[in-house]
Amino acid sequence: MNVPSEMISFNKSYYHSKMVELISNILVTGNTGGNGIYTKQCQSFMEEYYKFSKVLLTPNCTQALELVSILIDIKPGDEVIVPSYTFVSTANAFVMRGAKIILVDSLPDHPNMDHTLLSSLITSKTKAIVPVHYAGVACDMISIMELVKFYQNEKHQTIYVIEDAAQAIDSYYSGRPLGSWGHFGCISFHATKNISSGEGGALVINDISFIKRAEIIREKGTNRVDFLCGRVSKYNWIDIGSSYLPSDITAACLLPQFEKLAEIKSVRKEQWDRYYSGLLSLSIKNKLIELPSNTQNVIDSNYHIFYIVCKNVGQRDDLIEYLKSHYIQVNRHYVSLHLSDYYNDNYDNINKSQYPNADKYNDLLIRLPLYYDFIYVDWVIYLIYKFFDIQPDFHFPNLVLN
Ligand SMILES: *Cc1c(COP(=O)(O)O)cnc(C)c1O
């Protein structure tokens, strides 16, 4: 393998020629609207393959979260617990309906929320908890579901669990797919995710009592679904809602990718494992960086992200620059919500020292490129050793250095 001589993109969406075929079918037939044949096939696929009770495709994951926020009647004053280290949509969907966001720190050894802190944050106003499965790696869903069950049984307080499974299509926890654990799961098919329609998403409804109203909210607050099934002769406005229905073009793009999920995951796993074993001695022996621990939750995941955690901000910036100068783009990830401008402008008495682990990931985490077509994993490993001026104790037989 030759080394790159121009900038390699950090991410590239998966492509298969069948996607073009189905998209052109839709364009030729002219049935481009929502709820068409491919939308229904995508939903059925996910319901059968993952045994989800109900799946509704949405234009993106952000809007799946917004739909849930309407569905569970979030009102001003309600409290919703979200990790500080996450994407803004996790919080915004609930803030838009008037909720107060309660932030929770990450685990010391993973960006996911520290579930052991949750019980100290729950009050009588707590309406929902939103676990984010960072990198497609599961939060401790057994503890989280036991906690809300305790509140239901002992205090008659319903606390909804909404999994932000944006990064977690085809990830599992304890043998069950992510998105199926909470009352709801929200999945993303954004350009950066394992399978993608550029913009795209899905709402998984596990509490079936919510299905009917979810369909109404998705159809602008009308009973259009009843009308399409012939149950009413005209549809009209019956609830609040918005347009949370994607075009069938989006579904045509997605459908062929579902058949490739296993292959996509195995290619990503190979890259992830290669990064991990290649960089391990820099972490264990030289103590120069921290790697994600290769836990059972990683092994059961969809290998969405490979990240390293640097030792300090100077090292982080120098490494990013060094890799860039050798045509490898690497990126930091979230600005923790407790450090964001919006949070600081809108929330009083913020104690910023409560989130030491989120601070660590905010400051020191960098993501290495990992995607179906990426062929430079060895080159990235080689460069990181070179950056630290350490001689690796293995060879790079496939690397042609010029
Ligand atoms: C990508 C992502 C989202 C947003 O998904 P969209 O489909 O772009 O709306 C939300 N939460 C997390 C954790 C994400 O990674």
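Residues numbered from 1 in each chain as written. Predicted model: local features only at pLDDT ≥ 70, side-chain atom pairs only at ≥ 80, totals over all residues. Heavy atoms only, no water.

Novice: Describe the overall build of the protein chain, and please don't skip the residues or the numbers.
Specialist: Within the protein chain one finds 15 helices and 13 strands. Whereas a compact globule of 402 residues would reach a radius of gyration of roughly 21 Å, the protein chain reaches 22 Å, a difference of no more than 12%. Referenced to the eigenvectors of the C-alpha coordinate spread, the extents of the protein chain come out at roughly 75 × 55 × 40 Å. For the protein chain, buried positions account for 55% of its 402 residues. Put simply, 70% of the contacts in the protein chain that link residues at least 6 apart link residues at least 24 apart. Total accessible area on the protein chain is roughly 17500 Å²; 52% of this is exposed by carbon and sulfur atoms. Here the protein chain contributes 36 positive and 42 negative side-chain charges, whose respective centroids are spaced 4 Å apart. (Helix = DSSP H or I, 4+ residues; strand = E, 2+ residues; numbered from the N terminus. Rg over C-alpha atoms; globule rule 2.2 N^0.38 Å. Buried < 20%, exposed > 50% of the residue type's maximum accessible area, 1.4 Å probe, protein only. Contact = heavy atoms within 4.5 Å. Areas by Shrake-Rupley, 256 points an atom, 1.4 Å probe, with all protein chains shown as cover. Lys, Arg positive; Asp, Glu negative; His and termini not counted. Charge placed at Lys NZ, Arg CZ, Asp CG, Glu CD.)

Novice: Please provide a residue-by-residue account of the nonpolar core, values included.
Specialist: Ile162, Phe184, Leu279, Phe306 and Ile328 are the most contacted members of the largest nonpolar core, which has 85 residues in total. A total of 8 residues in this core trace back to one element, the largest contributor, which is helix α15 (residues 377–388). Setting aside residues up to four positions removed in sequence, Leu279 forms contacts with Ile289, Leu291, Phe306, Ile308, Leu368, Ile381, Ile384 and Tyr385. Among the nonpolar cores identified, the runner-up in size contains 45 residues, and Met46, Ile81, Val148 and Ile159 belong to it. (Core = buried A, V, L, I, M, F, W, Y, C linked by side-chain atoms within 4.5 Å.)

Novice: Give me the lowdown on helix α9 (residues 248–258), citing residues and values where you can.
Specialist: Of all 11 residues making up α9, 10 are buried, and the element is well covered by its neighbours. All buried positions along α9 are accounted for by Asp248, Thr250, Ala251, Ala252, Cys253, Leu254, Leu255, Pro256, Gln257 and Phe258. Contact partners of the buried residues in α9: α1 (17–29), α2 (37–49), β1 (54–58) and α10 (261–284). Of the residues that open α9, the one with a side-chain oxygen 2.9 Å from the backbone nitrogen of Ile249 is Ser247. (Polar contact = N/O pair within 3.5 Å; in protein donor to acceptor, adjacent residues only side chain to side chain.)

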